Amino acid sequence: MKIPFSELKFKILDESTELSSFECGDSNIDDFLKNDAKSYQKDRLATTYLVYYGDQLVGFFSLAAGCIIATAVESPTDRLGNQPKKYPALRLAQLATSNEFQSRDIGQHMLRVVFAIALDLCRKIGCRVIIVDAKNNDRTINFYQKYGNFKKFGKGNDDTVPLMMVLNKADKNGAVNLELEDFSNKK
């Protein structure tokens, strides 16, 4: 059964949040949430958003500032005199859905919120792309390509594949159709 976006609650991680029951099937991702997310947030390295269905933690994603080499991205315009060597980016550092809630649209809903946050950043500071080092498997890569129009760039490794989505193209392609206000009352 698919879970509608309207039934999810989004909350920023805090020190008192209990995380021990979360399992997504990837021990590295589970370990990050349970053992590293709070310290990353405290040290301002990444912000983790938790997703609840009722009172149950069903997913999370972590965001951080990032950058991308300019040659990996199509130049925004010819009117820029000095082209930057790097473009500002929003790094999607982690994204996972708990085992029992996978394939119920929660990942797609989380990605929509990531897009809304990125667009909000674009209004406040420069942010050209969203980047993610996706797990190197067809299911994960297909997810990002299907729901976010992400494209491969650069060289990955055995574990991950670098993907990016240029934000202004996402707007034009309709990949981003959610405003930040659509989930802000669910915190």
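Everything in this summary refers to the structure shown in the same document. Everything quoted here is computed from the prediction, not taken from an experiment.

1. Digging into the sheet that holds strand β6 (residues 151-152)
Next up, step 1: If you walk across this open sheet you meet the 7 strands as β1-β2-β3-β4-β5-β7-β6, and the pairing is mixed. At either margin of the open sheet sits one strand with a lone partner, and together these are β1 (8-12) and β6.
Next up, step 2: Of the pairings in the sheet, the one linking strand β2 (residues 47-53) to strand β3 (residues 56-69) comprises 7 bridges and is antiparallel in character. Of the residues in β3, the one forming a bridge with Leu50 is Phe60.

2. So, the layout of surface pockets
Next up, step 1: What the largest pocket holds in volume is close to 840 Å³.
Next up, step 2: In terms of lining residues, the largest pocket is bounded by 32 residues, among which Leu95, Ala96, Arg139, Thr140 and Phe143 are the most central.
Next up, step 3: Within the residue set of the lining of the largest pocket, elements represented by two or more residues are α1 (27-42), β4 (86-97), α2 (106-124), β5 (129-135) and α3 (138-148).
Next up, step 4: Residue contributions to the lining of the largest pocket peak at 7 residues, all from α3.

3. Concerning unusual backbone geometry
Next up, step 1: Despite not being glycine, Ser103 has its phi angle at roughly 65°, a positive value.
Next up, step 2: For Ser103, the position within the fold is in the loop between β4 and α2.
Next up, step 3: The backbone of Asp105 shows a phi angle near 80°, a positive value even though the residue is not glycine.
Next up, step 4: Structurally, Asp105 can be placed in the loop between β4 and α2.
Next up, step 5: What makes Asp105 partly exposed here is its relative accessible area of 23%.

4. Observations concerning the side chain of Ser62
Next up, step 1: Following the sequence through the fold, Ser62 ends up in strand β3.
Next up, step 2: Within the local environment of Ser62, its side chain forms a polar contact with the side chain of Thr48, the two groups lying 2.6 Å apart.
Next up, step 3: Ignoring any residue separated from it by four or fewer positions in sequence, one finds Ser62 in contact with Phe32, Thr47, Thr48, Arg91, Leu92, Ala93 and Gln94.

What counts and what doesn't
- Residues numbered from 1 in each chain as written.
- Predicted model: local features only at pLDDT ≥ 70, side-chain atom pairs only at ≥ 80, totals over all residues.
- Heavy atoms only, no water.
- Pairing = 2+ DSSP bridges.
- Helix = DSSP H or I, 4+ residues; strand = E, 2+ residues; numbered from the N terminus.
- 1 Å grid on protein atoms, 1.4 Å probe; cavity = no way out; pocket = protein on both sides within 12 Å on 5 of 7 lines; lining within 4 Å.
- Points joined across faces, edges and corners; volume = space filled by probe spheres on them.
- Buried < 20%, exposed > 50% of the residue type's maximum accessible area, 1.4 Å probe, protein only.
- Polar contact = N/O pair within 3.5 Å; in protein donor to acceptor, adjacent residues only side chain to side chain.
- Contact = heavy atoms within 4.5 Å.

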